[in-house]
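Okay, here's what each chain looks like letter by letter:
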Amino acid sequence: MIEIQLNGEKTEFSNNFTIEELLAKLIIDKNKVAVELNGAVIPRQKYSITKIVNKDVIEVVTFIGGG
Amino acid sequence: MDQFKIGNRIFKSRLIVGTGKYKDLKETSDAVNSSGADLVTVAVRRVNIINAKEPMLMDFIDPKKITYLPNTAGCYTSDDALRTLRLAKESGGWNLVKLEVLGDENTLYPNMQETIKSAKILVKEGFEVMVYCSDDPIACRQLEDIGVVAVMPLGSLIGSGQGIPNKLNIEIIKRQSKIPVIVDAGIGTASDAVIAMELGCDGVLVNSAIAKAKNPILMAESMKNAVIAGRQSYLSGRMEKKNIAIASSPKQGKINI
C-alpha cells in the first residue's frame, strides 16, 4: 500500500506504478495535462518510466479559462 | 504592412482575449471566435481528479488554431509563478507566457519587485515573457531591459471596467518602448479599447468586458472592431485640435438671398 498526495488530496493505492499508469487509471488524456512530481515538472516522454512511490506529492494540471 | 509581432510570432489580431468568467465553455469558444483573436489567455489549474471526463478548454478552443497564452493569475510569489509557467510549458509545449505576480487581493495590483525577479529567471530559462505590470514607465523599462517580449500595463484594476484613467502614463510607456505595449486590465467597453489603440498601443487584452457584457458574443465583435478602428485612427494621424470653429463647407458660391 502506498499513500500519495494527489492534487492536494491524500490518496491510497495498492501498489507502485508509473505516472503513465496513474493517468490511465484516472482516465486523463496525457496530452492535455502537465505533471509535477515533488515540485519538479516531469516531461511527457518520461511518464512511462517515472515511478510513483510512497509519500510522493503529485500535481496534475491543465489549462482552464482565465484572464 | 502593419504587422503585430510579439517576439518572433506574428498575430492577425491586435485584440487578445481572456477565456475566464464565461457562462460555459461553449460561450467562451463562441466569444473567442466572434472576437477574431488568435491569442487567448488561459489559466493553469489542477485537473478534476474525481471527474476527469468533464469537458476541458482544449475540447472547445483548439490550441493548434488559437495560441494559448498561459498566465499566472492568482500567484502572489515569484516561486508560485515560476512553478505555474514551467508546468504550462510542459502542458502546451511552447514558451510564450503571461507573467503576473499579484501584490494585493483587493486590488490585484501587480507586485513589481516579485514580477521583475520572476521575469529575469523566465527569460534565462528561454521563456518569451509578456508581463502584466503597473503603468509605471520605469518598471516597464526595467522589464524591457531584462528581455521580456511585451509589457502589459494595466489600464485600471483587473475586472473593474474603469477604462484608462491615466492615459499620460500609457503614452509615455508606449513612446519609450521598443517592444509591444499591450493594455491589460480595466477595459470596460469598446471606446476604452479604441482609446488604448489611439494612444499607439500595439494591442489590448480584454476579458471581463466581453464575458460580463449582457451579450458577450456581440461585445466580442464590438471589441474586434474597436481595436481595428483605434489602430486605423492611430495610423491615420488625427487632425489638429482647435479652439475655434472651422467651417467644413466652402463660403464661395453660396447663394445670395
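Residues numbered from 1 in each chain as written. Chains lettered and ligands numbered in written order. Predicted model: local features only at pLDDT ≥ 70, side-chain atom pairs only at ≥ 80, totals over all residues. Heavy atoms only, no water.

K.L.:
What exactly am I supposed to notice about the confidence of the model for chain A here?
P.N.:
A low pLDDT means the predicted coordinates there should not be read in detail. Averaged over all residues, the pLDDT of chain A is 90; the fraction at 70 or higher stands at 100%. Within chain A, strand E2 (residues 9-13) of chain A has the poorest average pLDDT of any element, 89, and strand E4 (residues 34-37) of chain A the best, 94. (pLDDT = per-residue confidence, 0-100. Helix = DSSP H or I, 4+ residues; strand = E, 2+ residues; numbered from the N terminus.)

K.L.:
So what exactly am I meant to see when it comes to the pairing of E2(A) here?
P.N.:
Looking down a regular strand, the side chains alternate between one sheet face and the other. All names here are of chain A. In this structure, strand E1 (residues 2-6) lies alongside E2, joined through 5 bridges in antiparallel fashion. Bridge pairing links Leu-6 to Glu-9 in E2. Following E1, the chain reverses through 2 residues before pairing antiparallel with E2; Asn-7 in that reversal takes a positive phi of roughly 45°. (Pairing = 2+ DSSP bridges.)

K.L.:
Can you walk me through the packing of helix H5 (residues 137-146) of chain B against helix H6 (residues 167-176) of chain B in this structure?
P.N.:
Angle between the axes and distance between the axes: these two values describe a pair of packed helices. All names here are of chain B. Packing of H5 against H6 brings their axes to within 9 Å, and their N-to-C directions diverge by 25°. Between H5 and H6, the angle falls in the class roughly parallel. As H5 runs across H6, the sense of the crossing is right-handed. For the pair formed by H5 and H6, the contact residues are Pro-137, Cys-140, Arg-141 and Glu-144 on the first element and Asn-169, Ile-172, Ile-173 and Gln-176 on the second. Class assignment of the residues belonging to the contact of H5 with H6 gives a composition of 4 nonpolar, 2 polar and 2 charged. (Axes fitted to C-alpha atoms, helices over the stretch in contact; angles between N-to-C directions. Parallel < 35°, antiparallel > 145°, perpendicular 65-115°, else oblique. Left-handed = near helix turned anticlockwise from the far one by under 90°. Contact = heavy atoms within 4.5 Å. Nonpolar A, V, L, I, M, F, W, Y, C, P; charged D, E, K, R; others polar.)

K.L.:
Sorry if this is basic, but what is going on with the packing of aromatic side chains here?
P.N.:
Each aromatic ring pair is described using two quantities: the centre-to-centre distance and the angle formed by the ring planes. Within the structure shown, the criterion is met by 5 aromatic pairs over all chains. Seen from their ring centres, Phe13(A) and Phe17(A) are 4.9 Å apart, and the 80° between their planes marks the pair as edge-to-face. A ring pair is formed by Phe4(B) and Phe11(B), whose centres lie 6.4 Å apart and whose planes are at 55°; its orientation type is tilted. Clustering of aromatic rings is evident, with ring pairs tying together Phe63(A), Tyr68(B) and Trp94(B). Cation over ring: Lys25(A) sits above Phe17(A), and NZ or CZ is 4.7 Å from the ring centre. Taking the ring centre of Phe127(B) as reference, the NZ or CZ of Lys89(B) above it sits at 4.6 Å. (Phe/Tyr/Trp six-rings, centres within 6.5 Å; stacked < 30°, edge-to-face > 60°. Lys NZ or Arg CZ within 6 Å of the ring centre and 35° of its normal.)

K.L.:
Can you help me understand the interface of chain B and chain A in this one?
P.N.:
A common way to state how big an interface is: give the accessible area lost once the parts meet. Between chain B and chain A, the residue contacts involve 31 residues of the former and 25 residues of the latter. Both faces combined, the contact of chain B with chain A buries some 2500 Å², and carbon together with sulfur accounts for 63% of it. When the area that chain B buries against chain A is broken down by residue, the three leading residues are Arg46(B), Ile49(B) and Glu90(B), summing to 26%. Across the contact surface, chain B and chain A share 3 salt bridges. The residue Lys32(A) makes a salt bridge to Asp59(B) at a minimum N-O spacing of 2.6 Å. (Buried area = accessible area lost by both parts, 1.4 Å probe. Salt bridge = Lys/Arg side-chain N within 4 Å of Asp/Glu carboxyl O.)

K.L.:
How do you make sense of the sheet that holds strand E8 (residues 150-153) of chain B when you look at a structure like this?
P.N.:
Pairing between sheet strands relies on hydrogen bonds along the backbone, with the strands arranged either parallel or antiparallel. All names here are of chain B. Taken in spatial order, the 3 strands line up as E6-E7-E8 in an open sheet, and their pairing is parallel. Strands with a single pairing partner mark the edges of an open sheet, and in this sheet they are strand E6 (96-99) and E8. Strand after strand, the sheet turns through a mean of 20° between neighbouring axes, direction not considered. Inspection of the sheet shows E6 paired to strand E7 (residues 128-133) by 4 bridges, in the parallel sense. Bridge pairing in E7 places Val-97 opposite Val-129. Of the strands in this sheet, E6 and E7 are in contact with helix H4 (residues 112-124), which crosses E7 at around 175°.

K.L.:
Explain the pairing of E1(A) here, please?
P.N.:
Residues and elements named next belong to chain A. Burial along E1 is one-sided: the residues Ile-2, Ile-4 and Leu-6 are buried and none of Glu-3 and Gln-5 is. Note that E1 and strand E7 (residues 57-65) share 2 bridges and pair parallel. In the sheet register, Leu-6 faces E7, and the bridge partner there is Ile-58. (Buried < 20%, exposed > 50% of the residue type's maximum accessible area, 1.4 Å probe, protein only.)

K.L.:
Sorry if this is basic, but what is going on with unusual backbone geometry here?
P.N.:
Negative phi is the rule for most residues except glycine; trans is the rule for most peptide bonds. All names here are of chain A. The backbone of Ile-27 shows a phi angle near 55°, a positive value even though the residue is not glycine. Within the secondary structure, Ile-27 is located in the loop between helix H1 (19-25) and E4. A residue is classified by how much of its surface remains accessible, and Ile-27, at 53% relative accessible area, is exposed.

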